[in-house]
Amino acid sequence: MTETTTQTQAGRPGKPGGSPEFHLVREVFGGMREALFRGAFDYRLLPPRESAVDGLLAKLLPRRIRGYAAWAPHIQVAAAALITVFIGYQVDLGFHGAPHLLIGLVPAAAVMMTLVRPVGAFWISLISTPFTGAIANSWDGQPWTPSALFAHIVVMVVVAARTGPRTALWMWLATAAFGAGFEVLIGGYGSDTPQMLFFSALGLLVTTMVHVRREAQREVTVQRTVTAIERDKRTLLEERTTIARELHDVVAHHMSVVAIQAEAAPYRVENPPPELEQAFVTIRENAVAALTELRRVLGVVRAEDYEAPDAPQPTLADLDRLLDNVRDAGLSVDKVITGAVRELPQGVELSAYRIVQEALSNSLRHAPGASARVEVGYVLGGLGLRIVNGPAKGLVKPSPGAGHGITGMRERVTMLDGEMTAETTAEGGYEVTVFLPVAMEPRVDTAGEDA
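Residues numbered from 1 in each chain as written. Predicted model: local features only at pLDDT ≥ 70, side-chain atom pairs only at ≥ 80, totals over all residues. Heavy atoms only, no water.

Thoughts on the environment of Tyr43
Its place among the elements puts Tyr43 in the loop between helix H2 (20–37) and helix H3 (56–59). By relative accessible area, Tyr43 is classed as exposed at 53%. With 75 residues separating them along the chain, Tyr43 and Pro118 place their C-alpha atoms 8.6 Å apart. With near-sequence residues (within four places) excluded, Tyr43 lies in contact with Val116 and Arg117. (Helix = DSSP H or I, 4+ residues; strand = E, 2+ residues; numbered from the N terminus. Buried < 20%, exposed > 50% of the residue type's maximum accessible area, 1.4 Å probe, protein only. Contact = heavy atoms within 4.5 Å.)

Side note on the packing of helix H6 (residues 118–136) against helix H8 (residues 165–186)
The N-to-C vectors of H6 and H8 enclose an angle of 10 degrees; their axes lie 12 Å apart at closest approach. In terms of orientation, H6 and H8 fall into the roughly parallel class. Counting all contacts with H6, which are made through Phe122, Leu126, Thr129 and Pro130, the residues of H8 involved are Met171, Ala174, Thr175, Phe178 and Phe182. Looking at side-chain class alone, the contact of H6 with H8 contains 7 nonpolar, 2 polar and no charged residues. (Axes fitted to C-alpha atoms, helices over the stretch in contact; angles between N-to-C directions. Parallel < 35°, antiparallel > 145°, perpendicular 65-115°, else oblique. Nonpolar A, V, L, I, M, F, W, Y, C, P; charged D, E, K, R; others polar.)

Focus on the pairing of strand E1 (residues 332–338)
For a regular strand, side chains alternate in direction, first toward one face of the sheet and then toward the other. Where E1 meets strand E2 (residues 371–379), 7 bridges bridge the pair, whose relative direction is parallel. Paired with Ser332 across the two strands is Ser371, which belongs to E2. A crossover links E1 with its parallel partner E2, the connecting element being helix H12 (residues 346–366), and its sense is left-handed. (Pairing = 2+ DSSP bridges. Right-handed = clockwise from strand over helix to strand, strands pointing away.)

Observations concerning the sheet that holds strand E3 (residues 382–389)
The sheet built from 5 strands is open, its strands ordered E1-E2-E3-E5-E4 with mixed pairing. Bordering the open sheet on either side are E1 and strand E4 (419–424), each of which pairs with just one other strand. Between one strand axis and the next, the sheet turns by 10 degrees as a mean value, whatever way the strands run. Running over the sheet, helix H11 (residues 319–328) touches E1 and E2 and is turned about 160 degrees from E1.

Brief notes about the confidence of the model for the protein chain
On average, residues of the protein chain score 78 in pLDDT, and 75% of them reach the 70 mark or higher. The least confident element of the protein chain is helix H14 (residues 447–450), whose mean pLDDT is 41; the most confident is strand E5 (residues 430–437), at 93. A low-confidence stretch, residues 1–16 stays under pLDDT 50, and its non-local contacts, those more than four residues away or across chains, total 1 contact. Note that pLDDT drops below 50 for residues 444–451; the model gives that stretch 0 contacts with residues more than four away or on any other chain. (pLDDT = per-residue confidence, 0-100.)

What about the pattern of salt bridges?
Inspection of the entire model under this criterion finds 8 salt bridges. A salt bridge links Arg321 to Asp318; the nearest nitrogen and oxygen atoms lie 3.3 Å apart. On the accessibility criterion, Arg321 (51% relative accessible area) is exposed. Residue Glu375 is joined to Arg386 by a salt bridge in which the shortest nitrogen-to-oxygen separation is 3.1 Å. Of this pair, Glu375 sits in strand E2 while Arg386 is found in strand E3, placing the two residues 11 residues apart along the sequence. On the basis of relative accessibility, which here comes to 24%, the residue Glu375 falls in the partly exposed class. Looking at Arg386, the relative accessible area reads 27%, which means it is partly exposed. In the salt-bridge network here, residues are joined through shared partners; they are Arg373, Glu375, Arg386 and Glu431. (Salt bridge = Lys/Arg side-chain N within 4 Å of Asp/Glu carboxyl O.)

Now the structure itself:
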């Protein structure tokens, strides 16, 4: 009984709230109210268009006045207002003096109003039409005088450009309703409403097409920006994953050595105390557990098609072989080593080798035919690297890369708390400078043992 009663009440004829037609009419008039009435006279100053400074037309202007291209829309509106005043002044309607000037000034004021209160300017232009017609005392071209007709079309075009296609449609319909109502109330011949509707429809159609195209370009720009950000994030994650794979062998080697030494240490001492044996057992168990967890983490970041390298990870001792390969590829490269060469932690050695490798790969890719220089400096606080190449030479064109090179180098430097700069040189080449800090090992004083 309850469901039947409810359905009968909801579908009862004559109930406005349940009629689809009523909802359609309410949505239609709601859209018109939103476009033409709500906040119609709110202050909305037209901002300068900064993108116009870099436009094709702006580049044709002299450099001194090119910066004013951003105010081109304001200049165009002001020019349209002056044309409106000129039309009102030149058309001889039988009046002179102040009333004659109002025929052009009132529509021109509506045109200028589009810069600050766009929708309100439309209503001012529409309502002032009978006023200017009465001053002109000429109903041959009713209801718009020539200046009012030109100004109203300009107003609708500017408002449509500032608001959107929906407002343009409602303005055109309101103008058509105004013209039809004026003919019904006043009557007469020679109405210029058809001319107004035809030319305004053309102007609004062009404006709508430009507006839609501009919105599409803006959406494409946003999507490109989002895509670039996502690509940078993916590149960063890929580089971090690669670094994690490479450092796995280094860390795993050290943990294996710790486990083996902890297991063999009690046998190096005759009759070791139980506490010492238990301590070494604990060290070995922790080392084995850490190695297991390390392999588990590596399995998470490892790609499905990843294959572990058979050869050990390279170090700076393998730098000469790398430079020979680069020379065979066509890059003339020199190596300079300063300071006392010493063995560095394996993570630093591996990262330094990869940084030099990636920098030289970038030189081959972006500066074919150029010469390069690799400088390795061993200092007290760490290791310094400088890889610099000259500009491209010859007929071979540079080939674009995947954009991972600089990102990967920065990730390796950041991991080691180092510093890095990558910039173009004054000669047109490129320079990568890196400093990797290395903690100094404490010296062991053996004088007492020798004594």
